[in-house]
Amino acid sequence: MVAIIETERLHLRPLSTADAPAIFRMRSDSETMRFWDWPPAKNQSDVSETIAAQIDDMESGRSIYWAICLEDNAIGCCDLSEIDRQHTRAEIGYIFARNYWGQGLAQEAMKAVVGYAFGALELQRLYARIHAKNEASRRLLTRLGFSYEGTLRSHVVRDGARRDCQIYGLLRR
């Protein structure tokens, strides 16, 4: 069972297939997807398939995916993926609709997810992988206390070009 997380302004609930239209609006926006591993979504059915796979991952316990809601509207989603119970670690990720950028909502949501990961899940380490040129994510992770750990050179291919990714980590202590 995925926990529901409440913050001052946000409601994080388990991602569902009903979120496909909102997620498609985010994932079809080229600016929002500029620093993702895959290009903007072309149709809602691709997004629905991805959400179905994410729900399968949740049911297996490998990942947790939340829809980030503001006044009942999904404005983003976030996750803890690659959850490793033996080594007590997970990868953290997030995406927000562009018209909600710059309002502190990403920091608010991710701070709550970090608290949940280190509290209820008793994880000891979180890490995030971001494209090297993604300054907004770098600033967010730094504000959350994550530290730069290294660069994965030529790690992903996007639009026919290889891109570097950076790893940021945060320890529970």
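Residues numbered from 1 in each chain as written. Predicted model: local features only at pLDDT ≥ 70, side-chain atom pairs only at ≥ 80, totals over all residues. Heavy atoms only, no water.

### What to know about the overall build of the chain
Item 1. On a plain count of helices and strands, the chain comes out with four helices and eight strands.
Item 2. Of the regular secondary structure in the chain, the N- to C-terminal order runs β-β-α-α-β-β-β-α-β-α-β-β.
Item 3. Computed over its C-alpha atoms, the radius of gyration of the chain comes to 15 Å, within 12% of the 16 Å expected for a compact globule of 173 residues.
Item 4. In terms of overall dimensions, the chain has C-alpha extents of about 40 × 35 × 35 Å along its principal axes.
Item 5. In the chain, which comprises 173 residues, the proportion classed as buried is 46%.
Item 6. Contacts in the chain between residues at least 24 apart in sequence constitute 58% of all its contacts with a sequence separation of at least 6.
Item 7. Positive and negative side-chain charges in the chain, numbering 23 and 23 respectively, have mean positions lying 7 Å apart. (Helix = DSSP H or I, 4+ residues; strand = E, 2+ residues; numbered from the N terminus. Rg over C-alpha atoms; globule rule 2.2 N^0.38 Å. Buried < 20%, exposed > 50% of the residue type's maximum accessible area, 1.4 Å probe, protein only. Contact = heavy atoms within 4.5 Å. Lys, Arg positive; Asp, Glu negative; His and termini not counted. Charge placed at Lys NZ, Arg CZ, Asp CG, Glu CD.)

### What to know about the nonpolar core
Note that soluble globular proteins tend to have their nonpolar side chains buried in a common cluster.
Item 1. Grouped together as the largest cluster of nonpolar side chains are 53 residues, with contacts concentrated most on Leu 12, Trp 66, Leu 80, Ile 92, Val 113, Leu 126 and Phe 146.
Item 2. Residues within four places of Leu 12 in sequence aside, it is in contact with Ala 3, Ile 4, Ile 5, Trp 66, Ala 67, Ile 68, Cys 78, Ala 109 and Val 113. (Core = buried A, V, L, I, M, F, W, Y, C linked by side-chain atoms within 4.5 Å.)

### With respect to the side chain of Ser 81
Item 1. Within the secondary structure, Ser 81 sits in strand β4 (residues 73-84).
Item 2. Of the residues examined, Ser 81 reaches a relative accessible area of 11% and is grouped as buried.
Item 3. Not counting residues within four places of it along the chain, the set of residues in contact with Ser 81 comprises Arg 62, Ser 63, Tyr 65, Ala 90 and Glu 91.

### Digging into the packing of aromatic side chains
Item 1. Per the counting criterion, the structure on display carries three aromatic pairs.
Item 2. For the ring pair Tyr 148 and Tyr 168, a centre distance of 5.6 Å and an interplane angle of 65° mean the geometry is edge-to-face. With Tyr 148 in strand β7 (residues 147-158) and Tyr 168 in strand β8 (residues 161-171), this pair connects stretches of sequence that are 20 residues apart. (Phe/Tyr/Trp six-rings, centres within 6.5 Å; stacked < 30°, edge-to-face > 60°.)

### A word on the pattern of salt bridges
Item 1. Enumeration over the complete set of coordinates arrives at 10 salt bridges.
Item 2. As a salt-bridge pair, Asp 29 and Arg 98 come within 2.7 Å of each other at their nearest N and O atoms. Of the two residues, Asp 29 is situated in the loop between α1 (20-27) and α2 (44-60) and Arg 98 in the loop between β5 (89-96) and α3 (105-118); the sequence distance between them amounts to 69 residues.
Item 3. Exposure remark for Asp 29: the relative accessible area of 16% places this residue in the buried category.
Item 4. Close ionic contact of Arg 62 with Asp 57 constitutes a salt bridge, the shortest N to O distance being 2.5 Å. (Salt bridge = Lys/Arg side-chain N within 4 Å of Asp/Glu carboxyl O.)

### Observations regarding the pairing of strand β3 (residues 64-70)
Item 1. In terms of residue burial, β3 counts as a mostly covered element, since seven of its seven residues are buried.
Item 2. Residue alternation in β3 divides its side chains into two sets, Ile 64, Trp 66, Ile 68 and Leu 70 and Tyr 65, Ala 67 and Cys 69, and both sets are buried.
Item 3. Relative to β3, strand β2 (residues 11-14) runs antiparallel, the two sharing four bridges. Each residue of the ladder has a partner; that of Leu 12, found in β3, is Ile 68.
Item 4. Note: β3 against β4, seven bridges, orientation antiparallel. Each bridged residue has a counterpart across the sheet, and for Trp 66 the counterpart in β4 is Cys 78.
Item 5. Hairpin connection from β3 to β4: two residues lie between these consecutive antiparallel strands, with Glu 71 at a positive phi of about 50°. (Pairing = 2+ DSSP bridges.)

### Some points on the sheet that holds strand β1 (residues 5-6)
Item 1. Reading across from one edge, β1-β2-β3-β4-β5-β6-β8-β7 is the order of the eight strands in this open sheet, with mixed pairing throughout. At either end of the open sheet lies a strand with only one pairing partner, and these are β1 and β7.
Item 2. In the packing of α1 onto the sheet, contacts are made with β4 and β5, and the angle to β4 comes to roughly 85°. (Axes fitted to C-alpha atoms, helices over the stretch in contact; angles between N-to-C directions.)

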